[in-house]
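What follows is the residue order along each chain.
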Amino acid sequence: MRHLIDPTDLTVEETERIIALAEEIIADRAAFSEVCKGKKLATLFYEPSTRTRLSFTSAMLELGGQVIGFSDANSSSVSKGETVADTVRVIRCFADIIAMRHYKEGAPLVASQYAGIPVINAGDGSHAHPTQTLTDLLTIKREKGRFDHMTIGFCGDLKFGRTVHSLLKALSRYEGIEAILISPEELRLPDYMLQELRSNSKIRFREVRTMEEVMPELDVLYMTRVQKERFLDEEEFDRVKNSFVLDPSKLVSAKKDMIVLHPLPRVNEITRAVDNDPRAAYFRQVENGKFVRMALIYTLLRWADENKPFERTPVFGADYVVNELECQNRRCISASEDVDRLFVRGDDGVCRCAYCEAKAK
Ligand code: CP
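Residues numbered from 1 in each chain as written. Predicted model: local features only at pLDDT ≥ 70, side-chain atom pairs only at ≥ 80, totals over all residues. Heavy atoms only, no water.

Trainee: Quick question: what am I supposed to make of the domain arrangement of the protein here?
Mentor: Accessible area lost on assembly of the parts is the figure often given for the size of an interface. Domain assignment breaks the protein into domain 1 (7-129 + 287-305), domain 2 (150-283) and domain 3 (321-353). The gap between the C-alpha centroids of domain 1 and domain 3 is 25 Å. Taken together, the contact between domain 1 and domain 3 spans 11 residues of the former and nine residues of the latter. Both sides of the domain 1 and domain 3 interface together cover about 720 Å² of buried area, and 52% of this is carbon and sulfur. (Domains from an automatic or database assignment. Contact = heavy atoms within 4.5 Å. Buried area = accessible area lost by both parts, 1.4 Å probe.)

Written out as structure tokens, the structure reads:
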């Protein structure tokens, strides 16, 4: 059974096939209007969402399928204490595929171990958001025509910004990518991501503190919101909340064909005046999200019917260290639910949690 928990669960070739299928769907939507007839998608959203949940819903309806689910965990038996594992064992009786968003990191991975139907991670805590990555890749392909040989500035909350983590992982598999990480000290990429970038020979990266100093170099500027809901300390949020604001004056030095992406929602990090600039691609990006989710749902359901095995899935393919270590991340699903404590030993000898990638205690 194939799932999408992390962007690297798909090989580069599989990722590009899904992007190409999304482009086929855009070119001829009618041809795909019944391909999921008789199938049901369950959207299990334990955290707020506008784009992801509604684009999944719209995607399944446009494929001729149906949608069930909840958008507020308090209206489900989760509020009575039901675990993720038991919830998905129940949902598999009612649906053919699951899209899950959860505030606990690793919850969709737990779901994939028990569901028996494909599980899609629709965002887990500050860890990963692989369908946003597919959305971002389709947008980059349509706007720039390629995935390689680009300089991309990632700006804002790189610590809690799950979309940044997933997109970096996906792009680090291409040649000629330079990532410029623009954040205050407090919002730098998490340790496991920095380690991953350091050990990857393809991607080059550097860290800077202002967007102005790198703006002329960028082919893509990926803006992010400071994720208020992830801060444990309100004073720390107040210190960094206005760190970066993109306005038209800052775009003067940018390339004429640079694009500005943002997973949205935005708060104040891009001013309204930027929306009229043709380089602002973030609302085009939203629409791409529906088409790429159509391609993903259709592909995973076909693979489930064919019983297609994993080709290369780092988490599942790894030899786990089981129930010997503890995760130090309070936001990890292993900190709150009774799950096997799974760790993967890296080439550097460090054991990282399979659910959230934090180091073992
Ligand atoms: N980009 C994104 O995940 O948006 P939502 O939180 O509205 O789903």
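On we go.
Trainee: Looking at this structure, how should I read the side chain of His102?
Mentor: Here His102 lies in strand β3 (residues 97-102). Not counting residues within four places of it along the chain, the set of residues in contact with His102 comprises Tyr46, Glu47, Val84, Ala107, Gly123, Asp124 and Gly125. (Helix = DSSP H or I, 4+ residues; strand = E, 2+ residues; numbered from the N terminus.)

Trainee: How do you make sense of the site of the ligand when you look at a structure like this?
Mentor: Contacts to the ligand come from Ser49, Thr50, Arg51, Thr52, Arg101, His129, Gln132, Pro263 and Leu264. Within the side chain of Ser49, an N or O atom sits 2.6 Å from an oxygen atom of the ligand. Between the ligand and the protein, one listed contact pairs an oxygen atom with a side-chain N or O atom of Arg101 at 2.9 Å. Coverage of the ligand by the protein chains reaches 92% of its 260 Å² of free accessible surface. Of the residues that constitute the shell around the ligand, the class distribution is two nonpolar, five polar and two charged. (Near = heavy atom within 4 Å. Polar contact = N/O pair within 3.5 Å; in protein donor to acceptor, adjacent residues only side chain to side chain. Areas by Shrake-Rupley, 256 points an atom, 1.4 Å probe, with all protein chains shown as cover. Nonpolar A, V, L, I, M, F, W, Y, C, P; charged D, E, K, R; others polar.)

Trainee: I tried to follow the packing of helix α2 (residues 51-62) against helix α10 (residues 282-306) on my own but got confused; where do I start?
Mentor: When two helices pack together, their arrangement is captured by the angle between the axes and the distance separating the axes. Orientation of α2 relative to α10, taken along the N-to-C sense of each, is 55°, at an axis distance of 8 Å. As the angle between them shows, α2 and α10 are arranged oblique. Like other packed secondary-structure pairs, α2 and α10 cross with a definite hand, here right-handed. Facing Arg51, Thr52, Ser55, Phe56, Ser58, Ala59, Met60 and Glu62 of α2, the residues of α10 in contact are Val286, Gly289, Lys290, Arg293, Met294, Ile297 and Leu301. Residues that form the contact of α2 with α10 fall into these classes: seven nonpolar, four polar and four charged. (Axes fitted to C-alpha atoms, helices over the stretch in contact; angles between N-to-C directions. Parallel < 35°, antiparallel > 145°, perpendicular 65-115°, else oblique. Left-handed = near helix turned anticlockwise from the far one by under 90°.)

Trainee: Explanation requested: the layout of surface pockets in the structure shown.
Mentor: Unoccupied space between atoms shows up once a probe the size of one water molecule is rolled over them. In this structure, the second largest pocket encloses a volume near 470 Å³. Forming the boundary of the second largest pocket are 23 residues, of which Lys159, Pro190, Asn329, Arg331 and Ala358 lie nearest the centre. Grouping the amino acids of the lining of the second largest pocket by side-chain chemistry returns seven nonpolar, five polar and 11 charged. (1 Å grid on protein atoms, 1.4 Å probe; cavity = no way out; pocket = protein on both sides within 12 Å on 5 of 7 lines; lining within 4 Å. Points joined across faces, edges and corners; volume = space filled by probe spheres on them.)

Trainee: Help me understand the sheet that holds strand β10 (residues 320-322) in this model?
Mentor: Whether parallel or antiparallel, the strands of a sheet pair through hydrogen bonds between backbone atoms. Pairing within the open sheet is antiparallel, and its three strands lie in the order β10-β11-β12. Two strands close off the open sheet at either side, each with one partner strand: β10 and β12 (351-353). When the angles between neighbouring strand axes are averaged without regard to direction, this sheet yields 40°. For strand β11 (residues 342-345) and β12, the ladder comprises three bridges, and the chain directions are antiparallel. (Pairing = 2+ DSSP bridges.)

Trainee: Just to check I follow, could you spell out the environment of Leu218 for this structure?
Mentor: One can find Leu218 in the loop between β7 (204-208) and β8 (220-223). When its relative accessible area of 0% is taken as the criterion, Leu218 is described as buried. A C-alpha to C-alpha distance of 7.1 Å links Leu218 and Lys255, two positions 37 residues apart in sequence. Among all residues touching Leu218, those that are not within four sequence positions of it are Thr151, Ile152, Gly153, Ile180, Lys255 and Met258. (Buried < 20%, exposed > 50% of the residue type's maximum accessible area, 1.4 Å probe, protein only.)

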